[in-house]
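Coordinate analysis (summary)
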Amino acid sequence: MAATDLERFSNAEPEPRSLSLGGHVGFDSLPDQLVSKSVTQGFSFNILCVGETGIGKSTLMNTLFNTTFETEEASHHEECVRLRPQTYDLQESNVQLKLTIVDAVGFGDQINKDERPIVDYIDAQFENYLQEELKIRRSLFDYHDTRIHVCLYFITPTGHSLKSLDLVTMKKLDSKVNIIPIIAKADTISKSELHKFKIKIMGELVSNGVQIYQFPTDDEAVAEINAVMNAHLPFAVVGSTEEVKVGNKLVRARQYPWGVVQVENENHCDFVKLREMLIRVNMEDLREQTHSRHYELYRRCKLEEMGFQDSDGDSQPFSLQETYEAKRKEFLIELQRKEEEMRQMFVNKVKETELELKEKERELHEKFEHLKRIHQEEKRKVEEKRRELEEETNAFNRRKAAVEALQAQALHATLQQPLRKDKDKKKASGWSSIYSVTIP
Ligand code: GTP
Ligand code: MG
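Residues numbered from 1 in each chain as written. Chains lettered and ligands numbered in written order. Predicted model: local features only at pLDDT ≥ 70, side-chain atom pairs only at ≥ 80, totals over all residues. Heavy atoms only, no water.

**Focus on the overall build of the chain**
In terms of regular secondary structure, the chain is built from 10 helices and nine strands. Looking at the 440 residues of the chain, the share that counts as buried comes to 31%. Considering only contacts in the chain between residues 6 or more positions apart, those separated by 24 or more positions represent 66%. A total accessible area of about 30,600 Å² is found for the chain, and carbon and sulfur atoms account for 54% of it. (Helix = DSSP H or I, 4+ residues; strand = E, 2+ residues; numbered from the N terminus. Buried < 20%, exposed > 50% of the residue type's maximum accessible area, 1.4 Å probe, protein only. Contact = heavy atoms within 4.5 Å. Areas by Shrake-Rupley, 256 points an atom, 1.4 Å probe, with all protein chains shown as cover.)

**A short note on the pairing of strand β9 (residues 259-262)**
In this structure, strand β8 (residues 249-256) lies alongside β9, joined through four bridges in antiparallel fashion. Residue Arg254 lies in a different strand from β9, and its bridge partner there is Val261. (Pairing = 2+ DSSP bridges.)

**Concerning the packing of aromatic side chains**
How two aromatic rings sit relative to each other is set out by the distance from centre to centre and by the angle between their planes. Inspection of every chain in the model, using the stated rule, returns 10 aromatic pairs. Both rings, one in Phe126 and one in Tyr298, keep their centres 5.4 Å apart while their planes meet at 35 degrees; by these two values the pair is tilted. Separated by 172 residues along the polypeptide, Phe126 in helix α4 (residues 116-134) and Tyr298 in helix α9 (residues 283-305) bring together distant segments of the chain. Phe126 gets classed as buried once you look at its relative accessible area, which sits at 1%. The buried category is assigned to Tyr298, whose relative accessible area is 14%. Arranged with centres 5.0 Å apart and planes meeting at 80 degrees, the rings of Tyr129 and Tyr295 form a pair that is edge-to-face. Of this pair, Tyr129 sits in helix α4 while Tyr295 sits in helix α9, placing them 166 residues apart in sequence. Residue classification places Tyr295 among the buried positions, given a relative accessible area of 0%. The rings of Phe126, Tyr129, Tyr143, Tyr295 and Tyr298 are connected pair by pair, giving a single aromatic cluster. Lying over the aromatic face of Tyr129, Arg147 brings its terminal NZ or CZ to 3.6 Å of the ring centre. Lying over the aromatic face of Tyr295, Arg147 brings its terminal NZ or CZ to 4.9 Å of the ring centre. (Phe/Tyr/Trp six-rings, centres within 6.5 Å; stacked < 30°, edge-to-face > 60°. Lys NZ or Arg CZ within 6 Å of the ring centre and 35° of its normal.)

**Here we look at the pairing of strand β3 (residues 95-105)**
Buried residues dominate β3, accounting for eight of its 11 residues. Sheet analysis places strand β1 (residues 43-50) next to β3, joined by seven bridges and oriented parallel. Looking at β3, one finds that Leu48 is bridged to Val102. Where strand β2 (residues 82-92) meets β3, 11 bridges bridge the pair, whose relative direction is antiparallel. Bridging from a neighbouring strand, Leu83 pairs with Ala104 of β3. Remark: two residues form the turn of the hairpin made by β2 and β3, two consecutive strands paired antiparallel; Ser93 in that turn has positive phi of roughly 50 degrees.

**Focus on α9**
The terminal C-alpha atoms of α9, which comprises 23 residues, lie 32 Å apart, in line with the 33 Å expected from a rise of 1.5 Å per residue. At Tyr295, α9 shows its maximal bend, which comes to roughly 35 degrees. Regarding α9, the residues found buried are Met283, Asp285, Leu286, Gln289, Thr290, His294, Tyr295, Tyr298 and Leu303. Lining the buried residues of α9 we find β1, β3, α4, β4 (150-155) and α8 (271-281). Positive backbone phi, at 100 degrees, marks Gly307, one or two positions downstream of α9. (Expected span 1.5 Å × (residues − 1). Bend = angle between axes of the 7 residues up to and from the residue.)

**Some points on the layout of surface pockets**
Approximately 710 Å³ is the volume attributed to the largest pocket. Gln41, Gly42, Ser44, Asp145 and Arg287 are, among the 22 residues lining the largest pocket, the residues nearest its centre. With four residues, α9 is the largest single contributor of residues to the lining of the largest pocket. Its residues assigned to classes, the lining of the largest pocket comprises six nonpolar, eight polar and eight charged. (1 Å grid on protein atoms, 1.4 Å probe; cavity = no way out; pocket = protein on both sides within 12 Å on 5 of 7 lines; lining within 4 Å. Points joined across faces, edges and corners; volume = space filled by probe spheres on them. Nonpolar A, V, L, I, M, F, W, Y, C, P; charged D, E, K, R; others polar.)

This is the structure in structure tokens:
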């Protein structure tokens, strides 16, 4: 439908008219139906505890829910901040509560342990929910919602001012989660110091622009109490699961040599105020704020990041279909561009390789020619040597033959001489006619 049609359609919408009913119809039971459905479905509530190791997080959780959650003590030697969620099924009357307590283990212990893992954890829970919402087959009805509904920020009872780590962390978290700051181990700080400390903390939070959770004052039923409680923030709490006899009653308290600090005594600490505000009055508002404010912000940013928007520059409403088509087109153009880029890269690579191969071939050819020249030169030298040797051999043979001939002549001459002497002797003695030797 075109935008102008939409406008005409909405302009033409008639004002609803008030009518009185003739008798009981029954839709006044809607709130009861809603309650019944919610009770059947059960509730989930997720608390994030941020505070330094040993500040009293687990003790306070045990005190708040009047039970003992199995938690192990954190070590001071964690390499970085680690988020440890633990889920418990609790029941009170016929109401089922799936409670998840997430501990930021190792926070505030050493330097380099910043708030990033906490922020990432909160975002990851939002992302899981968003993914479930975006599924074609959603099952949000029985989805275990792990989004953090409240962050109890445990402030160390120094009596001075907030640490910069506290301010930085709360500033990073305040747009993602409902923060309730509490002064832990409030029994370790005197009453007058505590008063000044509270004022100082609130001043520092305001001057640093940290938005903490404000108990809502728009619901008449709780407006007054919430307004009073807002003025008591940050709550100074004491935790203990130990029971001590005060008068003839057993109460949860911390016993010291000089006296007893009663957890549920409002003159001793703000534990009751915290329990009242966190569980008994504002639990649903915390869940609601998480969904409508913090998750909504995450979802909006995420969808905008993905290219979705509600209207174009001229405030024309954008349909999901149009956004999808526009994104698809954008994606196809990008894909084509990438394809062309890859093709060009491939062609260039082939050209480069071809050139390299040609260069290698030329080098090889040159090498071959060079070796060939060396080989021919060597061959020529060997041939020359062979000829020289042959000539030497011939000359030697000639000299040898001459020497042999001379030797033969010399031998002949040597043999001739004694025979002639003998002949002469025999001639002289008359034997020459019998023995005569002819020498050729
Ligand atoms: P990790 O989980 O190890 O970081 O510690 P944690 O913050 O959960 O502290 P935990 O509740 O284990 O308490 C640590 C110590 O502090 C224990 O000895 C508690 O008894 C003590 N403690 C807890 N709450 C209070 C409190 O309100 N006042 C005082 N004085 N001590 C407390
Ligand atoms: Mg603990």
